[in-house]
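Chain and residue survey
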Amino acid sequence: MKTDHLHEKLIQSLVDSHKDEEGKNEVENIRKSIIIKDPLWEQILIEGQYIIEQQPSAGPQIYTHILSQPSLIQAITSIVSHEISTQLIPAVSLQNLFLEMLVPEEDFPAIALDIVASAMMSPSFTEDDKALNSVLFNQGLHALVCHRLAHRLWKADRTGLAVYIQSTVSRQYSTDIHPAATFGKAIYLNAGSAGVVIGETAVIDDDVIILQGVTLGGTGKERGDRHPKVKTGAILQQSCSVLGNIEVGEGAVVTAKSIVTKPVLPHHRVSGVPARDKGEVKRFQQQENDDSAGCVRDESYDEKIEWRSDAISSGRREDLENILKTSFDLMWKNSGSP
């Protein structure tokens, strides 16, 4: 990030020129004033303050896990650390492990986009606290955060600890994800009592939806690279199974309870046992006052997805703010901010 690098150079030059206590205080004030704010974290803080106003009894929980935390990453790692802590590894040690192993340039943006995906796609959350409830209570999101830690431990050859985290998360959230499995960004994982199983060599790209009961496994006849590769924008519905080293194409849909053993074409829907191709996925918009009951494709859909992906990849704060403003109806509500 060029902007962050310039900021650090400016701060360091100020530190070098101010050695006294008064000068250090001045530098700290400048540091606070030039730090680029995180609009998603601001949104969550606003929702937290709003809920406390409406439900004062929720104050202790929200203050402990949200309002008293210095950043989004520290907030969510604190929450999941307390949920998966054991006598062997207490919550404080787990949170320190998160902050030690996660890579800020890769994992922090990925977790933020996972939160956005969770908030946008969870139908049970109200409009007033979508992002807040995702951070506090969404088990699929929490499982993803823990997997990102286990994945970093696995890549650092700390495999014993990685498998320990996997085992603990499996008991807590009913998600059995091998630490070596690779995930992209903006993943929506709907964990539940039905469980989710994802194998060692599985690769899940960006913007994938995985509902409860999904299995991404092997056939039992292969060795080495033996698990599915799920491309960007694919949807895996409830209790479907995708088996073997096959590709689920970009934007494809695997319907509920299907068993897939052959590659799925991009933007196609498969269904059944065994799964068969049911044709191209259509995103339709019902036309009003149409006696023929015909439907037309929502041409703006692809443009919106392209714009969203471009804004995410570029990391521009203005575009990210626009994404969040269109995703959350409560943006800046009751904040008192201009």
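Going by the structure above, here's the rest.
Treat the numbers as computed from the prediction; the structure is a model and nothing was measured.

Turning next to the overall build of the chain. When you go through the chain residue by residue, the secondary structure sums to 12 helices and 17 strands. Residue burial in the chain is summarised as follows: out of 338 residues, 43% are buried. Considering only contacts in the chain between residues 6 or more positions apart, those separated by 24 or more positions represent 44%. When the accessible surface of the chain is split by element, carbon and sulfur atoms take 50% of a total near 17,700 Å².

One can find Gln69 in the loop between helix H4 (59-67) and helix H5 (72-84). If we skip the residues at most four places from it in the chain, Gln69 touches Trp41, Thr64, Gln74, Ala75 and Ser78.

What follows deals with the pattern of salt bridges. Two side chains with opposite charge may pair up if their charged atoms get near one another. The full count for this structure, using the stated rule, is seven salt bridges. In this structure, Arg148 engages Asp114 in a salt bridge whose closest nitrogen and oxygen atoms are separated by 2.8 Å. Residue Arg148 is found in helix H9 (residues 139-155), and its partner Asp114 is found in helix H7 (residues 107-121); the two are separated by 34 residues along the sequence. The exposure class assigned to Asp114 is buried, which follows from its relative accessible area of 1%. Two residues, Glu200 and Arg226, come together in a salt bridge whose shortest N-O distance is 3.0 Å. Here the residue Glu200 occupies a position in the loop between strand S4 (196-198) and strand S5 (203-204), and Arg226 occupies one in the loop between strand S7 (215-217) and strand S8 (229-230), the gap between them amounting to 26 residues. Taken together, the shared-partner salt bridges connect Glu106, Asp107 and Arg152 into one network.

What follows covers the sheet that holds strand S11 (residues 247-248). With parallel pairing, four strands are arranged side by side in an open sheet as S2-S5-S8-S11. Of all strands in the sheet, those bounded by a partner on one side alone are strand S2 (182-183) and S11. Summarising the sheet, S8 and S11 pair through two bridges and their orientation is parallel. When the bridges of S11 are listed, Lys229 appears paired with Glu247.

This part is about the packing of H5 against helix H6 (residues 91-101). Axis separation between H5 and H6 bottoms out at 8 Å; the angle between their running directions is 135°. Compared by their axis directions, H5 and H6 come out oblique. Here H5 and H6 pass one another in a crossing that is right-handed. In this structure, H5 uses Ile73, Gln74, Thr77, Ser78, Val80, Ser81, His82 and Ile84 to contact H6, whose residues at the interface are Ala91, Leu94, Gln95, Phe98 and Leu99. Residues belonging to the contact of H5 with H6 are distributed by class as follows: seven nonpolar, six polar and no charged.

Attention now goes to the nonpolar core. Ranked by size, the top nonpolar core spans 67 residues in total, and within it Ile198, Ile204, Ile210 and Leu236 carry the most contacts. No other element matches the eight residues that H9 contributes to this core. With residues up to four places along the chain from it excluded, the contact list for Ile204 reads Thr182, Phe183, Gly184, Ile187, Ile198, Ile210, Leu216 and Val230.

What counts as what
- Residues numbered from 1 in each chain as written.
- Predicted model: local features only at pLDDT ≥ 70, side-chain atom pairs only at ≥ 80, totals over all residues.
- Heavy atoms only, no water.
- Helix = DSSP H or I, 4+ residues; strand = E, 2+ residues; numbered from the N terminus.
- Buried < 20%, exposed > 50% of the residue type's maximum accessible area, 1.4 Å probe, protein only.
- Contact = heavy atoms within 4.5 Å.
- Areas by Shrake-Rupley, 256 points an atom, 1.4 Å probe, with all protein chains shown as cover.
- Salt bridge = Lys/Arg side-chain N within 4 Å of Asp/Glu carboxyl O.
- Pairing = 2+ DSSP bridges.
- Axes fitted to C-alpha atoms, helices over the stretch in contact; angles between N-to-C directions.
- Parallel < 35°, antiparallel > 145°, perpendicular 65-115°, else oblique.
- Left-handed = near helix turned anticlockwise from the far one by under 90°.
- Nonpolar A, V, L, I, M, F, W, Y, C, P; charged D, E, K, R; others polar.
- Core = buried A, V, L, I, M, F, W, Y, C linked by side-chain atoms within 4.5 Å.

Note that every value here comes from positions in space, so none of it alone points to a role or purpose.
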